[in-house]
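# Breakdown of the fold
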Amino acid sequence: FVGLTIVFNDSLAGWQLDLTQNRLYTISPGTDRILKSIKEPIDLYFFYSAQAAESFPQIQPYGQRVRDFLKELQQRSDGMIRLHIIDPEPYSVEEDRAAELGVTGTALNEAGTKFYFGLAGTNSTNGQQAIPFFDPSKQRFLEYDVSRLIYQLAHPQKPVVAWLSTLPMTGGFDPRSGQMRQPWVVYRQAEQLFDVQTLQPNATAIAPDVRVLVLVDPKNLSPATQFAIDQYALRGGH
């Protein structure tokens, strides 16, 4: 039994079986593609006040999940992700580093002791991104938030996306209600990752640097606009 335990501990290291209802611990194919697209090393700094977390039993499991998830990403990245797990002490260099990278601490007492639970990342061109604090109420967005951070570090130059919609997705003034209209959520999220250029329904050309053309409910487009879309597709546009 002891011999088999030693063998299994070595041969099955890193194996996982995800039995959670929403497969919380399964990395999606999209995240794998992001990891494979990393061309230069990225440093991730996970600031987590492990000792202080012992006073918050509702946070500890999430803290362990974030740690395990980051380690899994590091393992799958073929050395392109360097993970640093830091437990910042009060008034220390590590605490100053967390603030410098955009990770914020939550005050625990009047003495100013702070609880840190955030992630920061840097790339080879001095670019940096941060998740200031992991909100336990948003655990289901963990993979999306971390993957987006890695993607932004791996691709600092945002791809250009042309967006043509006959629906009011971009927000603006609504003459019927007399109030400002908020952009649609999908449009706001696209703006976070891409250089979104809005096209009017009467557009006559699509710029050559456009990587992807998004068409939403494209009704009553002029012949010139249809021709521009046709030419974009013929030259290999997506």
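Please refer to the structure placed before this passage.
Throughout what follows, the structure given in this document is the object of discussion. Values in this document were obtained by computation on a predicted structure and should not be read as measured data.

About the criteria used
Residues numbered from 1 in each chain as written. Predicted model: local features only at pLDDT ≥ 70, side-chain atom pairs only at ≥ 80, totals over all residues. Heavy atoms only, no water. Core = buried A, V, L, I, M, F, W, Y, C linked by side-chain atoms within 4.5 Å. Buried < 20%, exposed > 50% of the residue type's maximum accessible area, 1.4 Å probe, protein only. Helix = DSSP H or I, 4+ residues; strand = E, 2+ residues; numbered from the N terminus. Contact = heavy atoms within 4.5 Å. Expected span 1.5 Å × (residues − 1).

### Notes on the nonpolar core
If you look at soluble globular proteins, the nonpolar side chains tend to sit buried side by side. Counting 30 residues, the largest nonpolar core has Leu44, Phe46, Phe117, Leu119, Phe134, Val146 and Ile150 as its most contacted members. Mapped onto this core, the elements with two or more residues apiece are α2 (29-36), β1 (42-48), α4 (60-76), β2 (81-86), β4 (114-122) and α6 (142-154). Considering every element that reaches this core, the biggest residue donor is α6, with seven residues. For Leu44, the contacting residues outside a window of four places in its chain are Leu70, Ile81, Arg82, Leu83, His84, Leu119, Ala120, Gly121, Leu149 and Ile150. Listed in part, the twelve residues of the second largest apolar core include Val210, Leu221, Ala228 and Tyr232.

### Regarding α6
With 13 residues, α6 should cover 18 Å at 1.5 Å per step; its first-to-last C-alpha distance of 18 Å lies within 8% of that length. The buried count for α6 comes to ten of 13 residues, which makes it a mostly enclosed element. Listing the buried residues of α6 in full gives Leu142, Glu143, Val146, Ser147, Leu149, Ile150, Tyr151, Gln152, Leu153 and Ala154.

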